[in-house]
Amino acid sequence: MSSNRWRGYSSDEIATLSDWDIFSPALCEHRCPHCSRIMLRIYMYTSRLTGDLSTQIWCSNCHSYSGWTGPAPDDVIVHDPLAQLPAEEFDALNKDEDTLFGYLDRLWEQGTLPQRITPR
Ligand SMILES: [Zn+2]
């Protein structure tokens, strides 16, 4: 399956997500700004190199996605269910969108995602 069916969210679409509190302990699927289905998912992890927080969002319905990296919040702990994954395996997941988001969708369906967010 080709990964070119994935599309990046536009900056206007991203702007509509400003009301999404991604550091809420009640983190769950959000309304997708492209297809309007409540199927927008999220995964956050701390970069092993920089300590910054990387965020990936994707819609499993319309295959839109985006990602960004920024400072980790200091008032919550973002628990990473993949923290124990060896670096080579984690890097292999990032080879294309189908691999990464397919894997994360399975974690979501198993209940491993959404990840736990707890106050620090
Ligand atoms: Zn969508």
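The structure under discussion appears in the preceding block.
The rules we used
- Residues numbered from 1 in each chain as written.
- Predicted model: local features only at pLDDT ≥ 70, side-chain atom pairs only at ≥ 80, totals over all residues.
- Heavy atoms only, no water.
- Helix = DSSP H or I, 4+ residues; strand = E, 2+ residues; numbered from the N terminus.
- Buried < 20%, exposed > 50% of the residue type's maximum accessible area, 1.4 Å probe, protein only.
- Contact = heavy atoms within 4.5 Å.
- Areas by Shrake-Rupley, 256 points an atom, 1.4 Å probe, with all protein chains shown as cover.
- Pairing = 2+ DSSP bridges.
- Donors = N, O, S within 2.8 Å, 3.2 Å for Na, K, Ca; no water.
- Tetrahedral: all angles 85-135°; square planar, octahedral: opposite > 155°, others 65-115°.
- Salt bridge = Lys/Arg side-chain N within 4 Å of Asp/Glu carboxyl O.
- Core = buried A, V, L, I, M, F, W, Y, C linked by side-chain atoms within 4.5 Å.

**Q** What's the story with the overall build of the chain in this structure? I'm lost.
**A** For the chain, the count of helices and strands is three helices and six strands. Moving toward the C terminus, one meets the helices and strands of the chain in the order β-α-β-β-β-β-α-α-β. Judged by the C-alpha coordinates and their principal axes, the chain covers about 35 × 35 × 25 Å. In the chain, which comprises 120 residues, the share counted as buried stands at 39%. Taking as baseline every contact in the chain between residues at least 6 positions apart, the subset at least 24 positions apart corresponds to 54%. Surface exposure of the chain reaches about 6,900 Å², of which carbon and sulfur atoms provide 50%.

**Q** Explain the sheet that holds strand β3 (residues 53–59) to me, please; I cannot follow it from the model alone.
**A** Within a sheet, neighbouring strands are paired by backbone hydrogen bonds and run either parallel or antiparallel to one another. If you walk across this open sheet you meet the four strands as β1-β4-β3-β2, and the pairing is mixed. Of all strands in the sheet, those with a lone pairing partner are β1 (7–8) and β2 (40–46), marking the two edges. The sheet contact formed by β1 and strand β4 (residues 64–70) spans two bridges and is parallel. If you follow Gly8 over to β4, its bridge partner there is Tyr65.

**Q** In this structure, what is going on with the environment of Leu27? I would like to understand it.
**A** Structurally, the position occupied by Leu27 is in the loop between α1 (11–15) and β2. Each C-alpha atom of the pair Leu27 and Ile14 lies 17 Å from the other, and the pair is 13 residues apart in sequence. In this view, Leu27 contacts Trp20, Asp21, Ile22, Ile42, Met44, Pro114, Gln115 and Ile117; residues no more than four positions away in its chain are not counted.

**Q** Help me out: how do you make sense of the coordination of the zinc ion in this one?
**A** For a metal with four tetrahedral donors the ideal donor-metal-donor angle is 109.5 degrees, while six octahedral donors give ideal angles of 90 or 180 degrees. Taken together, Cys32 (SG), Cys35 (SG), Cys59 (SG) and Cys62 (SG) make up the full set of protein donors to the zinc ion, lying 2.3 Å away. Around the zinc ion sit four donor atoms; with metal-centred angles ranging over 107 to 114°, the donor geometry is tetrahedral. Summarised as a motif, the one-chain spacing of the donors to the zinc ion is C-x2-C-x23-C-x2-C. A relative accessible area of 23% places Cys35 in the partly exposed class.

**Q** Looking at this structure, I do not really get the pattern of salt bridges. What am I missing?
**A** Any two side chains of opposite charge can pair, on the condition that their charged atoms come close. Per the stated rule, a full pass over the model turns up six salt bridges. The partner of Glu29 in a salt bridge is Arg41, with the nearest N and O atoms 2.6 Å apart. One end of the pair, Glu29, is in the loop between α1 and β2; the other, Arg41, is in strand β2, with 12 residues separating them in the sequence. For Arg41, a relative accessible area of 8% puts it in the buried group. In this structure, Lys95 and Asp96 form a salt bridge, with 3.6 Å as the shortest nitrogen-oxygen distance. Accessibility expressed as a relative area gives 62% for Lys95, which makes it exposed. The class of Asp96 is partly exposed, set by a relative accessible area of 23%. Overlapping salt bridges bring together Glu29, Arg41, Asp105 and Glu109 as one network.

**Q** So what exactly am I meant to see when it comes to the nonpolar core here?
**A** Generally speaking, nonpolar side chains in soluble globular proteins are found buried as a group. Core analysis: the biggest nonpolar cluster contains 30 residues, and Trp20, Ile42, Tyr43, Met44, Trp58, Leu82 and Leu104 have the highest contact counts within it. The set of elements that each furnish at least two residues to this core consists of β2, β3, β5 (76–78), α2 (87–93) and α3 (97–110). When near neighbours in sequence (up to four residues on either side) are disregarded, Leu82 contacts Tyr43, Arg48, Phe90, Leu93, Tyr103, Leu104 and Leu107.

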